[in-house]
Protein chains: 2
Amino acid sequence: MNMDIATVNALPYEDFVDILGNVVEKCPIITAAVWSGRPFLSLAVLEAAISEFIDALPESGKEGILRCHPDLAGRDLQSGSLTRESHEEQAGSGMGALNSGEASRMARLNQEYKERFGFPFVICARMHDKENILRQLSARCQNERAVERARGIEEVKKICHLRLQSLVLTDNKL
Amino acid sequence: MNMDIATVNALPYEDFVDILGNVVEKCPIITAAVWSGRPFLSLAVLEAAISEFIDALPESGKEGILRCHPDLAGRDLQSGSLTRESHEEQAGSGMGALNSGEASRMARLNQEYKERFGFPFVICARMHDKENILRQLSARCQNERAVERARGIEEVKKICHLRLQSLVLTDNKL
C-alpha cells in the first residue's frame with residue numbers, strides 16, 4: 001500500500017482524500033486543504049504542511065480536532081464503531097484487553113478529563129502500553145486547560161506522523 | 001428530532017458532534033470547534049458561529065471543505081456511500097432519477113469543473129431541480145477559480161442552514 005511521494009503528488013484530490021483523509025482522525029478537511037499545496041518534495045514536507053495548517057487554526061479549531069477523537073477504551077471501541085486506524089492503534093496498545101479494574105479506572109479518568117477540559121484525552125497509543133497510558137491520563141488530568149490543548153495537539157501530530165508513514169514511503173530522492 | 005436551543009446548549013460535546021457534526025458535509029471539526037462558544041442565544045447565533053469559523057479559514061481550508069463534498073449524481077450516489085444528509089438532498093432534487101442523456105451530461109460537466117478548479121461543484125440541491133442544477137453547473141464552469149471558491153462556500157452555508165433547521169427549532173425566546 002505504501003506509495004512514493006511522486007505517486008502521492010499525482011493523485012486527484014478525490015483519491016488523495018480517500019487514501020490520506022484520516023491521517024488526522026475524522027478531519028478529512030485538513031488533508032483536503034493541504035492538497036492545494038502539492039507537489040510535495042517529500043513526505044516530511046507533506047507532514048509539515050499538515051502541521052502548519054493545524055497550527056494556524058484558532059484555539060477553538062484545535063479543540064475541535066481533539067473533540068473528533070474517540071475515548072481510549074471508550075464507547076466506540078465497545079460498539080465497534082472506531083475508524084480502522086483508531087481500532088488498530090487502540091488494540092495494539094492493549095485497550096481492548098483491559099481487566100475490569102483497569103477498564104473502570106480508564107472510564108473514570110476519561111470522564112474526569114472530559115469534564116475538566118471539554119475535550120477528550122488524546123495520546124499516541126502506538127507509543128505506549130496500557131500501564132503507561134493510565135499513568136499519563138491520571139497525571140494529565142492535573143494540568144491547565146491550555147497546556148492540555150497544546151499537549152493533545154502534539155499527540156495528534158505524532159499519530160498523524162505514524163499514519164502517514166504507514167501510507168507513504170519515507171525514502172525519496174530530492 | 002427538533003431540539004430547542006437550550007437543549008442544544010446543554011449537550012456534552014460528544015452528543016453535540018454526533019447530532020450536528022455533519023451540518024457541514026464531512027467536517028465535524030467545524031461543529032466540534034464552535035461548541036467552545038456555547039451557550040448560543042439562538043439557532044441564528046449558532047449558525048453565525050459556524051459561518052465565522054469557515055470565513056476565518058485560509059483559502060486552502062475553504063477549498064478543503066469543498067473537496068469533502070461528493071459530486072452530484074456521482075460515484076458516491078451510485079455506490080450508496082453518500083452521507084444520509086447528502087443522499088436525501090440529492091434524491092430530493094432528482095439526482096437519482098436522471099435519464100441517460102442527463103446523467104452523461106452531468107458526469108462530463110462535473111469532470112470539467114473539477115479539472116478546471118481542483119474542487120467539486122457544490123450547490124444547495126434542495127433549492128433547485130435537476131434542469132436548474134445542470135444549467136448552473138454549465139454556467140459556473142466558465143467562472144474564475146476565486147469566484148467559484150467563494151460561490152461554493154456560499155452554497156455550503158445554504159446547505160448548512162437547511163440542515164440546522166431540520167435539527168434545531170428556530171423559535172426561541174431571547
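Reading the values: rules and limits
- Residues numbered from 1 in each chain as written.
- Chains lettered and ligands numbered in written order.
- Predicted model: local features only at pLDDT ≥ 70, side-chain atom pairs only at ≥ 80, totals over all residues.
- Heavy atoms only, no water.
- UniProt positions renumbered as here; feature names shortened; annotations may be inferred.
- Helix = DSSP H or I, 4+ residues; strand = E, 2+ residues; numbered from the N terminus.
- Rg over C-alpha atoms; globule rule 2.2 N^0.38 Å.
- Buried < 20%, exposed > 50% of the residue type's maximum accessible area, 1.4 Å probe, protein only.
- Contact = heavy atoms within 4.5 Å.
- Areas by Shrake-Rupley, 256 points an atom, 1.4 Å probe, with all protein chains shown as cover.
- Lys, Arg positive; Asp, Glu negative; His and termini not counted.
- Charge placed at Lys NZ, Arg CZ, Asp CG, Glu CD.
- Buried area = accessible area lost by both parts, 1.4 Å probe.
- Salt bridge = Lys/Arg side-chain N within 4 Å of Asp/Glu carboxyl O.
- Polar contact = N/O pair within 3.5 Å; in protein donor to acceptor, adjacent residues only side chain to side chain.
- Phe/Tyr/Trp six-rings, centres within 6.5 Å; stacked < 30°, edge-to-face > 60°.
- Least-squares fit on C-alpha atoms with pLDDT ≥ 70 in both.
- Disulfide = S-S within 2.5 Å.

Naming follows an unreviewed UniProt entry, where chain A appears as 2-oxo-4-hydroxy-4-carboxy-5-ureidoimidazoline decarboxylase of Pagothenia borchgrevinki. UniProt, in its Catalytic activity (unreviewed entry) section for chain A, records the words "5-hydroxy-2-oxo-4-ureido-2,5-dihydro-1H-imidazole-5-carboxylate + H(+) = (S)-allantoin + CO2". UniProt's Sequence similarities (unreviewed entry) comment on chain A is quoted here verbatim: "Belongs to the OHCU decarboxylase family."

**Q** Run through the overall build of chain A, naming residues and quoting values.
**A** Within chain A, the regular secondary structure consists of 10 helices and 0 strands. Against the 2.2 N^0.38 benchmark of 16 Å for 174 residues, chain A shows a C-alpha radius of gyration of 17 Å, consistent with a compact globule. Expressed as lengths along the three principal axes of its C-alpha atoms, the size of chain A is roughly 50 × 35 × 25 Å. Buried positions account for 54% of the 174 residues belonging to chain A. Counting only contacts in chain A whose residues sit at least 6 apart along the sequence, the fraction spanning at least 24 positions is 70%. Entry remark: accessible area of chain A is about 7,800 Å², with carbon and sulfur atoms responsible for 52%. Computing the positive centroid from 21 side-chain charges and the negative centroid from 25, chain A places the two 4 Å apart.

**Q** Provide a residue-level description of the interface of chain B and chain A, including the pertinent values.
**A** At the interface, 28 residues of chain B touch 28 residues of chain A. Of the roughly 2,200 Å² buried between chain B and chain A on both sides combined, carbon and sulfur atoms contribute 63%. Sorting the residues of chain B by area buried against chain A places Y13(B), I29(B) and R67(B) first, and these three jointly supply 30% of that buried surface. The interface formed by chain B and chain A includes 6 salt bridges. One salt bridge connects R75(A) with D15(B), and the closest N-O pair in it is separated by 4.0 Å. The tally of links from chain B across to chain A stands at 10 residue pairs in polar contact (both at pLDDT 80 or more). Looking at the side of chain B that touches chain A, the elements with two or more residues in it are α2 (13-20), α3 (28-34) and α5 (59-67) of chain B. In terms of residue count, the dominant contributor to the side of chain B that touches chain A is α5(B) (6 residues).

**Q** Account for the pattern of salt bridges, naming residues and giving values.
**A** Overall, the coordinates contain 38 salt bridges over all chains when judged by the stated rule. Here K114(B) and E14(A) are joined by a salt bridge, their closest N and O atoms 3.2 Å apart. Remark: E14(A) occurs in helix α2 (residues 13-20) and K114(B) occurs in helix α8 (residues 100-117); the pair is interchain, linking two chains. With a relative accessible area of 10%, K114(B) lands in the buried category. Its relative accessible area of 22% is what places E14(A) among the partly exposed residues. Among the ionic pairs, R140(B) bridges to E148(B), the shortest N-O distance being 2.8 Å. Taking the relative accessible area as the measure of exposure, R140(B) reaches 3% and is therefore buried. In this structure E148(B) comes out as buried when scored by relative accessible area, which is 0%.

**Q** Residue-level account of the environment of R116(B), with values.
**A** Residues and elements named next belong to chain B. Among the structural elements, R116 can be located in helix α8. Given a relative accessible area of 43%, R116 falls into the partly exposed group. Here R116 is in contact with C141, Q142, N143 and E144, once residues within four sequence places are set aside.

**Q** Run through the packing of aromatic side chains, naming residues and quoting values.
**A** All names here are of chain A. For the structure on display, the rule yields 12 aromatic pairs over all chains. Relative to W35, the ring of Y13 has its centre 5.8 Å away and its plane inclined at 75°; by these criteria the two rings are edge-to-face. Within this pair, whereas Y13 is found in helix α2, its partner W35 is found in the loop between α3 (28-34) and α4 (43-55), the two being separated by 22 residues in sequence. Pair check on accessibility: Y13 and W35 agree, each one buried.

**Q** Break down the relation of the copies chain B and chain A for me, citing the residues and quoting the values.
**A** The two copies are related by a screw motion: chain B maps onto chain A through a turn of 180° and a shift of 0.0 Å along the axis, at an RMSD of 0.0 Å. The symmetry that links the two subunits is that of a two-fold axis. Residues of chain B ranked by C-alpha distance from the rotation axis are headed by C27(B), positioned 3.3 Å from it. The fraction of interface residues of chain B whose copies in chain A are also interface residues reaches 100%, indicating that both copies meet through the same surface.

**Q** Tell me about the state of the cysteines, and name the residues and values.
**A** What we call a disulfide is simply a covalent bond connecting the sulfur atoms of a pair of cysteines. Taken as a whole and assessed by the stated rule, the structure comprises 0 disulfides over all chains. Not part of a disulfide, C160(A) finds its nearest cysteine sulfur in C27(A), a span of 10 Å.

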